[in-house]
Amino acid sequence: RVAGIEAFRRSACRAAASLFEDAILACGRRPETDETMREMCDLRLHAVRALIPIGQFSRIHEHLGAAERLAAALDDPPRIGRVANFLSRYFWVVGDTGRARAAGEQALAVAAKLNDPLLAAMARYSIGIVCHATGDYGTAIEALSHNVAAWRCAAGDHTGPDDVDVPRSIVEDL
């Protein structure tokens, strides 16, 4: 895992993907516990990040499907939300806008349940780009404008909507 992260940071995406997939195989030989399943889910999302720049869509889909099943089996809302957001972006890239929007809305619902402003911002971005691509400009503007307001609020510019509450630490995480 550590070697994969380092390879990804150096933009060695093929090497990073291979290292993450090796770690997935190694993890799969361990007893199946909740901890092992969490690690497998996270490794699969790392692999997805490495595979996106090299356009390995069938492998991306395989990893996202496995990560989705793991997150659901764990009943782990933060992982379910992250996987849904990744699925939204994946489906948008491959042109399945209906599933992209549904996955984005699932991620946003999880974010609201968890009160997770970072996941909410990522989900709104996913929804916004899908709605823009499908001509639903009103929803796209609403989703993306909320993110702009959240950024302004986080940066200390409180000219956005009153209901936006984004901690300054979110800006540092992005």
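The residue numbers shown here count from 1 along each chain, following its written sequence. This being a predicted model, a pLDDT of at least 70 is required before a residue's local features are given, and a value of 80 or more before pairs of side-chain atoms are given or counted; all residues contribute to the totals for chains, interfaces and linings. As a convention, hydrogens and water are excluded, and side-chain values are obtained from all of the structure's heavy atoms.

This paragraph deals with the overall build of the protein. Under the DSSP-based scheme used, a helix requires at least four consecutive residues in state H or I and a strand at least two consecutive residues in state E, with every element numbered from the N terminus. Along its length, the protein carries nine helices and zero strands. Shown N-terminal to C-terminal, the secondary structure of the protein runs as helices and strands in the order α-α-α-α-α-α-α-α-α. Under the scheme applied here, a residue whose accessible area is under 20% of the maximum for its type counts as buried, over 50% as exposed, and between as partly exposed, the area being computed with a 1.4 Å probe on protein chains only. Counting all 174 residues of the protein, 41% fall into the buried class. It only takes one pair of heavy atoms within 4.5 Å for two residues to be counted as in contact. Here the analysis covers contacts within the protein between residues at least 6 apart in sequence; of these, 46% occur between residues at least 24 apart. Exposure was quantified through the Shrake-Rupley algorithm and a 1.4 Å probe, taking into account, for residues, occlusion by the shown protein chains and nothing else. Accessible surface computed for the protein: about 9500 Å², of which carbon and sulfur atoms make up 53%.

Before going further, it helps to spend a moment on the pattern of salt bridges. Oppositely charged side chains are able to pair whenever their charged atoms sit close together. Every case where a carboxyl oxygen of Asp or Glu lies within 4 Å of a side-chain nitrogen of Lys or Arg is listed as a salt bridge. Going through the model one piece at a time under the given rule, you end up with nine salt bridges. The closest approach of N and O atoms between Arg 82 and Asp 42, which form a salt bridge, is 3.6 Å. With Arg 82 in helix α5 (residues 77-93) and Asp 42 in helix α3 (residues 34-51), this residue pair connects regions lying 40 residues apart in the sequence. When the shortest N-O distance is used, the salt bridge between Asp 136 and Arg 101 registers 3.0 Å. Of this pair, Asp 136 sits in the loop between α7 (117-133) and α8 (137-154) while Arg 101 sits in helix α6 (residues 97-114); the two residues are 35 residues apart in sequence, bridging distant segments of the chain. Overall, Arg 101 belongs to the partly exposed group, its relative accessible area being 26%. Here the salt bridges share partners, and the residues they tie into one network are Asp 42, Asp 76, Arg 79 and Arg 82.

On to unusual backbone geometry, then. One non-glycine residue, Ser 11, lies in positive phi territory at about 65°. Along the chain, the position of Ser 11 falls in the loop between α1 (2-9) and α2 (13-28). Notably, Asn 115 is not glycine yet its phi reads approximately 55°, a positive angle. Locating Asn 115 in the fold gives a position in the loop between α6 and α7. Taking relative accessible area as the criterion, Asn 115 reaches 66% and is therefore assigned exposed.

Turning our eyes to something else, we now look at a nonpolar patch on the surface. Together, Phe 57, Trp 92, Val 93 and Val 94 line one region of the surface with nonpolar side chains, adding up to about 330 Å² of accessible area. Position of Phe 57 relative to the elements: it lies in helix α4 (residues 57-74). A patch consists of residues exposed above 30% relative accessible area that lack any salt bridge, with like charges linked at up to 9 Å and nonpolar side chains (Val, Leu, Ile, Met, Phe, Trp, Tyr) linked at up to 5 Å.

Working definition: a ring pair exists when centres of Phe, Tyr or Trp rings (six-membered ring for Trp) sit within 6.5 Å. Plane angles under 30 degrees give stacked, over 60 give edge-to-face, the rest tilted. Inspection of every chain in the model, using the stated rule, returns one aromatic pair. On the numbers, 5.3 Å between centres and 65° between planes, the contact of Tyr 90 with Phe 91 is edge-to-face. There is no split in this pair, since Tyr 90 and Phe 91 are both buried.

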